[in-house]
Amino acid sequence: MPFNPFEVKVKPVSEQFENWCALYPKPYNKYEVNPFTKTRIILMNGTEFEAQWFKHNFARHCGDNQLRRELSLLRYMEQQQQKKIACLKPRNESILEHTLSYEQLAVELTATVAQSEPDCYVKAALDFALLEDFDHLYRYANLMDLETGDKAERIIGRYTEIMPGRPTVSHHRWQGDNVRRAMARSAALTTKLHAMTLTAAEQQTMNYYMNVVNLYPSDAGRRMYQEIALVEEEHVTQYESLLDTSMTWLENLVMHEYGECYLYYSCYVSEIDPYVKCIWDECLHQEIAHLQYAADLLQRYEGKDYHALVGDGTFPELLILRSNVDYVRGILKDTVQMTSVEEDYYNVNTLPEDSQFYFVQRMLNSDEASIPTHATVHTAICRHGHDYRFECAPNPIPELRNRKIDNTTVGRVPLDIPTSGFTCNITKHSN
């Protein structure tokens, strides 16, 4: 059923303060919770984090103290929402257990969004990063198997496969090669929402890894979080560079609030946990008030109407997280040898030896034994005789099927692997 947040009557923002009892929810049971409930919680925690820091940066670039007071009220309300959502995570869930849910979110969110993305260029960016987050899930799963003997498939509920993607060693590129072309103001509303959502989600992952790297109890884990956090920096660079740069701060404010409403409604519609569903409903109605407040600010300060940004305001197709095994396998089969050069994607087989990609590889990865993500899998293989996987079928890339050897060449050096390139939802293209 169509939903338009501008047509919903809600309490004013100034009446939305919650007391301490309301702000501290009952955490989920990590042994019983549905994996997609956890991923929705992580997604919305990251969305609220983005809302916070966007408004802080807005305030730091604004000289009007009355407008800054308006922003501070919205920001405080967002903080209350974030605190409630963050505390749904239970105390007994470890850093690594939580990390697996982060990577499951990255895989399933990216794959779900990519399949409905109308812009071929943006879809290529989604598919490109998808294989890297997919490989991170495999690396962390092997760390868990090595350190605790616990199986990651329990945590992710067998919705997402655990096997090598584009190997993490291949993710390290010249940072400038992660910058993409910004979308035009005329881009579809769906495309804008996708880019904003992935920026917030990947930023949250990056920040989480940055903050837990020094808290992890083993050196192997600390090293892995260091390495993968740097890849997440690449992903955030990619996604944020896709965003429309022509919007004013207040236009961006309206888009942020609209995006939050869109995601809360998507979570509400798809949530199966009754308790968490109620929280999504509460946050949705709070967020609708924020959106209407932001639209009023846009009108008062810039004389602009929100319709120019979001049309009549009715949500496009909702974002419903789901399992995407077949889709991920297809992207792995077709694009595993791809890397990026400046704003575009190329088969690594076509890169000259003096390319910046190989320069970074020589600087960071000349000693393969010291690459943290691969050292961990190598240790797991030495201890158990094979790596840890959860596969529905053999890996679609023959070079990645051997469970007794951790591949460090796929996506990194020229190989005879059929690579057809990225596929649009309308037409097909490749470089």
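Our subject in this report is the structure included herewith. (Residues numbered from 1 in each chain as written. Predicted model: local features only at pLDDT ≥ 70, side-chain atom pairs only at ≥ 80, totals over all residues. Heavy atoms only, no water.)

Observations regarding helix H10 (residues 274-302)
So, point 1. Relative to the 42 Å expected for 29 residues at 1.5 Å per residue, H10 spans 41 Å between its end C-alpha atoms, a close match to the ideal helical length.
So, point 2. Its side-chain oxygen at 2.9 Å from the backbone nitrogen of Tyr-275, Asp-273 defines the N-terminal cap of H10. (Helix = DSSP H or I, 4+ residues; strand = E, 2+ residues; numbered from the N terminus. Expected span 1.5 Å × (residues − 1). Polar contact = N/O pair within 3.5 Å; in protein donor to acceptor, adjacent residues only side chain to side chain.)

Side note on the state of the cysteines
So, point 1. Here the structure, examined in full by the defined rule, presents one disulfide.
So, point 2. Residue pairing for Cys-120: its cysteine sulfur links by disulfide to Cys-424, the two sulfurs lying 2.2 Å apart. Here Cys-120, found in helix H5 (residues 120-147), pairs with Cys-424, found in the segment after helix H14 (372-384); they are 304 residues apart in sequence, far enough to count as distant.
So, point 3. Classification of Cys-120 by relative accessible area gives partly exposed; the value is 24%.
So, point 4. On the basis of relative accessibility, which here comes to 8%, the residue Cys-424 falls in the buried class.
So, point 5. Its sulfur unpaired, Cys-283 is 9.6 Å from the next cysteine sulfur, which belongs to Cys-267. (Disulfide = S-S within 2.5 Å. Buried < 20%, exposed > 50% of the residue type's maximum accessible area, 1.4 Å probe, protein only.)

Some thoughts on the nonpolar core
So, point 1. Judged by nonpolar contacts, the single largest core of 115 residues is most densely connected at Leu-109, Ile-162, Leu-253 and Trp-280.
So, point 2. No other element matches H5, which puts 16 residues into this core.
So, point 3. Once residues within four sequence positions are removed from consideration, Trp-280 is found in contact with Arg-40, Ile-41, Met-44, Ile-85, Tyr-264, Cys-267, Tyr-268 and Glu-271. (Core = buried A, V, L, I, M, F, W, Y, C linked by side-chain atoms within 4.5 Å. Contact = heavy atoms within 4.5 Å.)

Some words on the environment of Leu-309
So, point 1. Structurally, the position occupied by Leu-309 is in helix H11 (residues 307-310).
So, point 2. Sequence-wise, Leu-309 and Glu-251 are 58 residues apart; in three dimensions their C-alpha atoms are separated by 7.5 Å.

Quick notes on unusual backbone geometry
So, point 1. Phi angles above zero are rare outside glycine, and Arg-158 is one such case at about 60°.
So, point 2. With respect to the helices and strands, the residue Arg-158 is situated in the loop between helix H6 (152-156) and helix H7 (189-212).
So, point 3. The class for Arg-158 is exposed, based on a relative accessible area of 52%.
So, point 4. In this structure, Glu-342 takes a positive phi of about 50° despite not being glycine.

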